[in-house]
Amino acid sequence: MTDSTNLIRLIQEVQPDEIYNLAAQSHVHVSFETPEYTANADALGPLRILEALRILGLVGKTRFYQASTSELYGAVRETPQTENTPFYPRSPYAVAKLYGYWITVNYREAYGIYACNGILFNHESPLRGETFVTRKITRAVAAIQNGVQDRLFLGNLDAKRDWGHARDYVEGMWLMMQQDKAQDYVLATGETRSVRNFVECAFAEVGRTIVWEGHGQEERGIDKASGKVLVMVDPRYFRPTEVELLLGDATKARREMGWAPKTTFDELVREMVAHDLATFEADRVPASRL
Ligand SMILES: Nc1nc2c(ncn2[C@@H]2O[C@H](COP(=O)(O)OP(=O)(O)O[C@H]3O[C@H](CO)[C@@H](O)[C@H](O)[C@@H]3O)[C@@H](O)[C@H]2O)c(=O)[nH]1
């Protein structure tokens, strides 16, 4: 995404009908440490693809999808968030994505290219990177259950997200690219949960009840049955500016494309925990081979 000549060469060779730009430095916390690279990949990246389409004369042939994000809403101006909610980005990642959003709109309006933004709320699966909060939690549950980790350290337990399953969202992305006219759409479940609640649901999958004690940085998540501290707060995971609450309204996607999420929150958590448990169990060396 940071190399125009290779992007042009690749697009010329492939002559694609559709390009889904999911490439990015996509970790919000990391973007505070690497803001310049994040801007290069996440803001100028989509511009480079759009320019490649213009240079190669593919504006009438190739459709373009830009992975926009609910992070654009940041310090939210209204709840729930729709396609018409004003943006207020709260991280170098979100500011870079703001450019990506508007350059996509601009190339659609200026050159008539079929270019659309999917404003996707958090979408998760067992394929999620291990440093994003959902997967970090489900892996820790599996590791603790297998006796290879004592506890889980997290940042802001109060943050609320609208978490859906990536499988459903990919279908929505594809639908956006099959319409008569390119437009921007929110994809979301319409439910919001705190990080704390995700922790409770993930541990419940292995039969553990988490009881919370203390406040702020002193808060602890304790296993009700054993009394062991399983969750602690580590301020290293706090962000300089946080997005406290995201809750999306996908009415437009439902009305115009017939899109609706199929996987419930509980099913998502169950699938992620089951996958991580299976991975840890498969990695365990049987006692007979020790
Ligand atoms: N990563 C992480 N997040 C934590 C932790 N503890 C608490 N959190 C909180 O959990 C929330 C979710 O964090 P992430 O899972 O890292 O995702 P995100 O910041 O919401 O961003 C993801 O979703 C966006 C869509 O809204 C995407 O645009 C972005 O690329 C990424 O996939 C944030 O409020 C974060 O502060 C922790 O230990 N690690």
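These numbers were taken from a predicted model, which means no experiment stands behind them. (Residues numbered from 1 in each chain as written. Predicted model: local features only at pLDDT ≥ 70, side-chain atom pairs only at ≥ 80, totals over all residues. Heavy atoms only, no water.)

Draft legend 1. Spatial organisation of the sheet that holds strand E12 (residues 229-233). Ordered in space as E5-E12-E11-E10, the four strands form an open sheet in which the pairing is mixed. Two strands in the sheet have a free side with no partner beyond their single neighbour: strand E5 (152-154) and strand E10 (210-213). Pairwise comparison of adjacent strand axes, ignoring direction, gives a mean angle of 20° for this sheet. Where E5 lies against E12, three bridges are found, and the strand directions are parallel. (Pairing = 2+ DSSP bridges. Helix = DSSP H or I, 4+ residues; strand = E, 2+ residues; numbered from the N terminus. Axes fitted to C-alpha atoms, helices over the stretch in contact; angles between N-to-C directions.)

Draft legend 2. Broad picture of the pattern of salt bridges. Using the criterion set out here, one finds 18 salt bridges in the structure. One salt bridge in this structure joins Asp276 and Arg135, with 2.8 Å as the shortest N-O distance. Taken together, the residues Asp276 in helix H9 (residues 265-283) and Arg135 in helix H5 (residues 133-145) connect sequence positions 141 residues apart. Arg135 matches Asp276 in its accessibility class, with the two residues each being buried. Where Arg236 meets Asp234, a salt bridge forms, and the shortest distance between an N and an O atom there is 3.0 Å. Arg236 sits in the exposed class, given a relative accessible area of 62%. Classification of Asp234 as buried rests on a relative accessible area of 13%. Residues joined by salt bridges that share partners form a network here, namely Glu71, Arg161 and Glu242. (Salt bridge = Lys/Arg side-chain N within 4 Å of Asp/Glu carboxyl O. Buried < 20%, exposed > 50% of the residue type's maximum accessible area, 1.4 Å probe, protein only.)

Draft legend 3. Region of interest: the UniProt feature "domain: NAD(P)-binding" (unreviewed entry) in the protein. The feature "domain: NAD(P)-binding" (unreviewed entry), as annotated in UniProt, sits at residues 1-272 in this numbering. Structurally, residues 1-272 comprises 39% helix and 16% strand, and the distance from its first C-alpha atom to its last is 30 Å. (UniProt positions renumbered as here; feature names shortened; annotations may be inferred.)

Draft legend 4. Main features of helix H4 (residues 92-111). Between its terminal C-alpha atoms H4 stretches 28 Å, which fits the 28 Å expected from 20 residues at 1.5 Å a residue. Among all positions of H4, only Tyr93, Ala94, Ala96, Lys97, Gly100, Tyr101, Ile103, Thr104, Val105, Tyr107 and Arg108 are buried. Buried residues along H4 sit against helix H2 (28-33), helix H3 (35-55), strand E2 (63-69) and strand E3 (115-120). At the C-terminal side of H4, Gly112 shows a positive phi close to 75°. (Expected span 1.5 Å × (residues − 1). Contact = heavy atoms within 4.5 Å.)

Draft legend 5. Examining the side chain of Arg135 more closely. For Arg135, a relative accessible area of 8% corresponds to the buried category. A polar side-chain atom of Arg135 sits 3.3 Å from the main-chain carbonyl oxygen of Pro126. With sequence-adjacent residues up to four places away left out, Arg135 is seen in contact with Ser125, Pro126, Arg128, Gly129, Glu130, Met272, His275 and Asp276. (Polar contact = N/O pair within 3.5 Å; in protein donor to acceptor, adjacent residues only side chain to side chain.)

Draft legend 6. Structural detail: unusual backbone geometry. Across the junction of Thr79 and Pro80, the peptide omega takes the value -5°, indicating a cis bond. Structurally, Pro80 can be placed in the loop between E2 and H4. Even without being a glycine, Gln15 presents a positive backbone phi close to 45°. In this structure, Gln15 sits in the loop between helix H1 (4-14) and strand E1 (18-21).

Draft legend 7. The arrangement of the pairing of E3 in detail. Within E3, six of the six residues are buried, leaving the element largely enclosed by the surrounding structure. Going residue by residue along E3, you find Ala115, Asn117 and Ile119 tucked away on one face and Cys116, Gly118 and Leu120 tucked away on the opposite face as well. In this sheet, E3 lies alongside E2 in parallel orientation, the contact comprising six bridges. Among the inter-strand pairings, Ser68 is bridged to a residue of E3, identified as Ile119. Handedness of the crossover joining E2 and E3 through H4 is recorded here as right-handed. As paired strands, E3 and strand E8 (residues 185-187) are joined by three bridges and run parallel to one another. Paired with Ile119 across the bridge in E8 is Val186. (Right-handed = clockwise from strand over helix to strand, strands pointing away.)

Draft legend 8. Local environment of the packing of aromatic side chains. Per the counting criterion, the structure on display carries ten aromatic pairs. Between Tyr20 and Tyr65, the ring centres sit 5.8 Å apart and the planes meet at 40°, which makes this aromatic pair tilted. Here Tyr65 lies in strand E2 and Tyr20 lies in strand E1, a separation of 45 residues in the sequence. Residue classification places Tyr65 among the buried positions, given a relative accessible area of 1%. Aromatic pair Trp163 and Phe265: ring centres 6.4 Å apart, planes at 35°, arrangement tilted. Residue Trp163 is located in the loop between strand E6 (160-161) and strand E7 (164-165), and its partner Phe265 is located in helix H9; the two are separated by 102 residues in the primary sequence. (Phe/Tyr/Trp six-rings, centres within 6.5 Å; stacked < 30°, edge-to-face > 60°.)

Draft legend 9. Fine view of the site of the ligand. Neighbouring the ligand are 23 residues, the closest being Ser26, Ser70, Tyr93, Arg239 and Glu242. One of the side-chain nitrogen or oxygen atoms of Asn122 is found 2.8 Å away from an oxygen atom of the ligand. Taking 720 Å² as the accessible area of the ligand by itself, protein coverage stands at 96%. Taken together, the residues that form the shell around the ligand break down as nine nonpolar, eight polar and six charged. (Near = heavy atom within 4 Å. Areas by Shrake-Rupley, 256 points an atom, 1.4 Å probe, with all protein chains shown as cover. Nonpolar A, V, L, I, M, F, W, Y, C, P; charged D, E, K, R; others polar.)

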